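Take a look at the letters that make up each chain.
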2 protein chains.
Amino acid sequence: MKVIYGVDVGGTFIKIGKFSLDGLINKYSIKTIISEDYHAIINQISNLIDETIEKDELVGIGIAIPGPCVEGVVLGCHNIKWGKVYLKEELEKKYPEVLIAVLNDANSACLGEWKYSDYSNYSNLVLITLGTGVGGGIVINNKLIEGIDGSTGELGHIRLIPFNGRKCTCGLEGCLESYTSIRGIVQTALEYKEGKLTTLNNYDTLTSKIIFDEAKNGDACSQKVVDTTCYFLAMGISNISNILNPDCVIIGGGVSLAGDYLLERVKYYFDKLVFYSIKSTKITLAKLHNDAGIYGSYYEVLNMMNE
Amino acid sequence: MKVIYGVDVGGTFIKIGKFSLDGLINKYSIKTIISEDYHAIINQISNLIDETIEKDELVGIGIAIPGPCVEGVVLGCHNIKWGKVYLKEELEKKYPEVLIAVLNDANSACLGEWKYSDYSNYSNLVLITLGTGVGGGIVINNKLIEGIDGSTGELGHIRLIPFNGRKCTCGLEGCLESYTSIRGIVQTALEYKEGKLTTLNNYDTLTSKIIFDEAKNGDACSQKVVDTTCYFLAMGISNISNILNPDCVIIGGGVSLAGDYLLERVKYYFDKLVFYSIKSTKITLAKLHNDAGIYGSYYEVLNMMNE
């Protein structure tokens, strides 16, 4: 059987899907070896392929990397300590007969959600992922766009506050990420709960899940945190929509597991903040979540086969 | 000779270019008849074509409209009092053998600047126009994008301030337009000069040109106005760039006539505000200005001929 491996390299785990041309066969997860020598991760992936390929015929490998990628070259990736890596070239040396796709992880997730959730009828869409950081991917005219520096979709660094905004981990201020990432939401909670009577005080360590759960349970302080988060997220999404007027903006990442409770508030503020002529852009939730990346890098290889 | 008319309908004038397949032959400008009956403008255009076509063979008409357009349909246009108009269909009835292109005026200007300035080697670019309003157009993978509501490039309504921003003419607050349109710049000047010793006090009525000229002449208050304008513009452009990481952002519209004086300050702030991985996005000035629209609608017809 012809098989494709869809790989999603993260800072903690490498997720790998073994796919037939018809769909997923098996999923694997291995702990990422973080090292300045990129061969470590390449070896982890190729070892797993060797162990699991059996009698199948390898036709493609798609790899998603948590850093900017342009035409098969990883420009750098702090998370896994990589500098510039000619990853497609490296893999083509190792697998000369095999199609190799290299793409950014948020872009890959975008492709995955687009093609393997219910969104494949859209030709222009944006995925925004709210996790440890905030990122995203953009499809225009049915094609993922990479940007001249491979940095399309740095949605977390849309600036929402001109002066004296909250410090972001990127070194800038007032970024969307600093308010809507897991860390950002917790920081808002820590600020709001100061001196307040709130069920958030029952926890030693806060997470965005706790905050959303307590809000759903009726805690006023948590509800205020959710409200602020949704307002800033809606502001970011309305800015994206005023620029691109896409068919759809999909909210993904760990925070999106808050579900309709998040979505309804974001839509409420979006309607208030977006330009009046933007009427048809839909806001929805991601469906594949952690699997989006392996599906997206698989899809990118399928795409190459059809070109 | 085969000729194409490139038309740019504005709220004050209709600009019309008569083009051969090789380029511009002649330019015309007629005062716009504003009426709920869109036939008035269609007749103005067709009368001018009749008067100037001579023995040439009409092969195409491209029309730019100051409102959202999707697939040949104008969705509405306050400026010229139009509701929804099936403009392409109307023109095809009148000119059955002729290629008809209908597009938004900012999109058309974007195409014009892209193809007939020095920017045609870029495949991803954004035009932002600073005039009475602030608008723009976006080219991705060598194609203009329209958006699901024909509202791509509503760059003037990127929100820069989350709460208590300056009122915008669109009804929202804190929009880029409310700080960087001609009106916005004058408003900033009126606020800043209050009680100050400034050469701006020598004028009964301020314009953005006066403000930029006085800033160039060394007036401190005008320089502060220019600085604020450039900061907000750079924030808008950096938000666009964090989303799209385009090859180039072109600044056009009347305000852009301030030239390098404007451009250098915008670049200075852009470098401070944009995400660190956005390294190659260039910021430049428009070159065709008022003629961009007729060139763009001409180009759209040429494009259709090649499809």
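Residues numbered from 1 in each chain as written. Chains lettered and ligands numbered in written order. Predicted model: local features only at pLDDT ≥ 70, side-chain atom pairs only at ≥ 80, totals over all residues. Heavy atoms only, no water.

Enquirer: I'd love a proper account of the overall build of chain A, names of residues and values included.
Expert: The helix and strand inventory of chain A stands at nine helices and 12 strands. Taking 2.2 N^0.38 as the reference for a compact globule, 307 residues should give roughly 19 Å; the C-alpha atoms of chain A span a radius of gyration of 20 Å, in line with that estimate. Reported as C-alpha extents along the three principal axes, the dimensions of chain A are approximately 60 × 45 × 35 Å. For chain A, buried positions account for 62% of its 307 residues. (Helix = DSSP H or I, 4+ residues; strand = E, 2+ residues; numbered from the N terminus. Rg over C-alpha atoms; globule rule 2.2 N^0.38 Å. Buried < 20%, exposed > 50% of the residue type's maximum accessible area, 1.4 Å probe, protein only.)

Enquirer: Just give me the short version of the pattern of salt bridges, but keep the residues and values in it.
Expert: Opposite charge on two side chains permits pairing when their charged atoms draw close. Residues and elements named next belong to chain A. For the structure on display, the rule yields 16 salt bridges over all chains. Measuring nitrogen to oxygen at the nearest pair gives 3.7 Å for the salt bridge that ties Glu90 to Lys93. With Glu90 and Lys93 both in helix α2 (residues 87-94) and three residues apart, this pair spans about one turn of that helix. Here Glu90 falls in the buried class, since its relative accessible area comes to 19%. You can call Lys93 exposed: its relative accessible area is 60%. Residues Lys209 and Asp213 are paired through a salt bridge, measuring 2.6 Å at the closest nitrogen-oxygen approach. Residue Lys209 and its partner Asp213 are located together in helix α6 (residues 208-216), separated by four residues, close to a single helical turn. Using a relative accessible area of 57% as the deciding quantity, one classes Lys209 as exposed. (Salt bridge = Lys/Arg side-chain N within 4 Å of Asp/Glu carboxyl O.)

Enquirer: Before we move on, can you summarise unusual backbone geometry with the specific residues and values?
Expert: Residue and element names in this part refer to chain A. One non-glycine residue, Asn245, lies in the positive phi region at around 40 degrees. If you trace the backbone, Asn245 turns up in the loop between α7 (220-244) and β11 (248-252). Taking the relative accessible area as the measure of exposure, Asn245 reaches 0% and is therefore buried.

Enquirer: Run through the relation of the copies chain A and chain B, naming residues and quoting values.
Expert: By a simple turn and slide, chain A fits onto chain B: the slide is 0.0 Å along the axis, the RMSD is 0.0 Å, and the turn is 180 degrees. When the rotation and shift are considered jointly, the pair of chain copies conforms to a two-fold rotation axis. The residues that chain A uses at the interface reappear at the interface of chain B in 100% of cases, marking a shared surface. (Least-squares fit on C-alpha atoms with pLDDT ≥ 70 in both. Contact = heavy atoms within 4.5 Å.)

Enquirer: Can you tell me about the interface of chain A and chain B, naming the residues and giving the values?
Expert: Between chain A and chain B, the contact holds 46 residues from the first and 46 residues from the second. The contact between chain A and chain B buries some 3,800 Å² in all, and 62% of this surface belongs to carbon and sulfur atoms. Counting the contacts that link chain A with chain B gives zero salt bridges. Taken together, chain A and chain B are joined by 28 residue pairs in polar contact (both at pLDDT 80 or more). Going through the elements one at a time, β9 (134-140), α7 and α8 (260-273) of chain A are the ones with two or more residues in the side of chain A that touches chain B. Ranked by residue count, the leading element in the side of chain A that touches chain B is α7(A), at eight residues. Looking at the side of chain A that touches chain B, its residues break down into 24 nonpolar, 14 polar and eight charged. (Buried area = accessible area lost by both parts, 1.4 Å probe. Polar contact = N/O pair within 3.5 Å; in protein donor to acceptor, adjacent residues only side chain to side chain. Nonpolar A, V, L, I, M, F, W, Y, C, P; charged D, E, K, R; others polar.)

Enquirer: Describe the confidence of the model for chain A, with residues and values.
Expert: With 100% of its residues at a pLDDT of 70 or more, chain A has an overall mean of 95. The complex model carries a pTM of 0.92, and its ipTM stands at 0.92. (pLDDT = per-residue confidence, 0-100.)

Enquirer: Can you tell me about the sheet that holds strand β11 (residues 248-252) of chain B, naming the residues and giving the values?
Expert: Residue and element names in this part refer to chain B. Spatial ordering of the open sheet is given by β10-β9-β8-β11-β12, a layout of five strands whose pairing is mixed. A single partner strand is all that each edge strand has here, and the edge strands are β10 (143-144) and β12 (282-285). Where strand β9 (residues 134-140) and β10 come together, two bridges link them in antiparallel fashion. Within β10, the position partnered with Val139 by the bridge is Leu144. (Pairing = 2+ DSSP bridges.)

Enquirer: If you had to explain α7(A) to someone new, which residues and values would you point to?
Expert: Residues and elements named next belong to chain A. The first and last C-alpha atoms of α7 sit 35 Å apart over 25 residues, in line with the 36 Å expected at 1.5 Å per residue. With 21 of 25 residues buried, α7 is to be regarded as a mostly interior element. Once α7 ends, the next one or two residues include Asn245, with phi positive near 40 degrees. (Expected span 1.5 Å × (residues − 1).)

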